[in-house]
Amino acid sequence: MLTDFGLSRQYSENETTPLEVPSLGANRSVPESRKDEETPRNPLTTDVYYLGNMIRENFFEGRYSNLAFMYPLLAAMVRKEPEARPHDV
């Protein structure tokens with residue numbers, strides 16, 4: 001299973017930078033939560049990291065050779081600094 005909505009939250013379209021205390025699921029690889037699990041953060045940038053990390057682990061690491069065109073986006077999605085990740089959709 002790739003998606004688990006058990007920890008999901010809903011925000012209005014006006015809430016562009018919500019803050020939440022991280023809800024850590026099974027994947028604890030997001031850099032900002034490894035340092036501090038108590039400080040409220042924007043969960044949207046965390047979701048971008050998790051999606052990019054899932055794509056990297058399941059599609060990029062030696063499995064497919066024709067996805068190089070996606071690498072710049074993927075690299076941006078998994079940046080260590082949350083504010084440097086893509087945020088406009």
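Everything below is about the structure shown above.
Just so it is clear, the model here is predicted, and its values are computed rather than measured.

Colleague: Tell me about the packing of aromatic side chains, and please be specific about residues and values.
Modeller: Applying the stated criterion across every chain, the model contains 3 aromatic pairs. Aromatic pair Phe60 and Tyr71: ring centres 6.4 Å apart, planes at 55°, arrangement tilted. Taken as a pair, Phe60 in helix H2 (residues 43-60) and Tyr71 in helix H3 (residues 71-77) lie far apart in primary sequence, 11 residues in all. For Tyr71, a relative accessible area of 49% translates into the label partly exposed.

Colleague: Let's hear about the pattern of salt bridges: which residues, and what values?
Modeller: Applying the stated rule across the entire model yields 3 salt bridges. One salt bridge connects Arg9 with Glu20, and the closest N-O pair in it is separated by 3.5 Å. Separated by 11 residues along the polypeptide, Arg9 in the segment before helix H1 (31-35) and Glu20 in the segment before H1 bring together distant segments of the chain. Here Arg9 falls in the partly exposed class, since its relative accessible area comes to 49%. For Arg85, the salt bridge goes to Glu32, with nearest N and O atoms at 2.7 Å. Taken together, the residues Arg85 in the segment after H3 and Glu32 in helix H1 connect sequence positions 53 residues apart. Classification of Arg85 by relative accessible area gives buried; the value is 1%. When its relative accessible area of 5% is taken as the criterion, Glu32 is described as buried.

Cut-offs applied
- Residues numbered from 1 in each chain as written.
- Predicted model: local features only at pLDDT ≥ 70, side-chain atom pairs only at ≥ 80, totals over all residues.
- Heavy atoms only, no water.
- Phe/Tyr/Trp six-rings, centres within 6.5 Å; stacked < 30°, edge-to-face > 60°.
- Helix = DSSP H or I, 4+ residues; strand = E, 2+ residues; numbered from the N terminus.
- Buried < 20%, exposed > 50% of the residue type's maximum accessible area, 1.4 Å probe, protein only.
- Salt bridge = Lys/Arg side-chain N within 4 Å of Asp/Glu carboxyl O.

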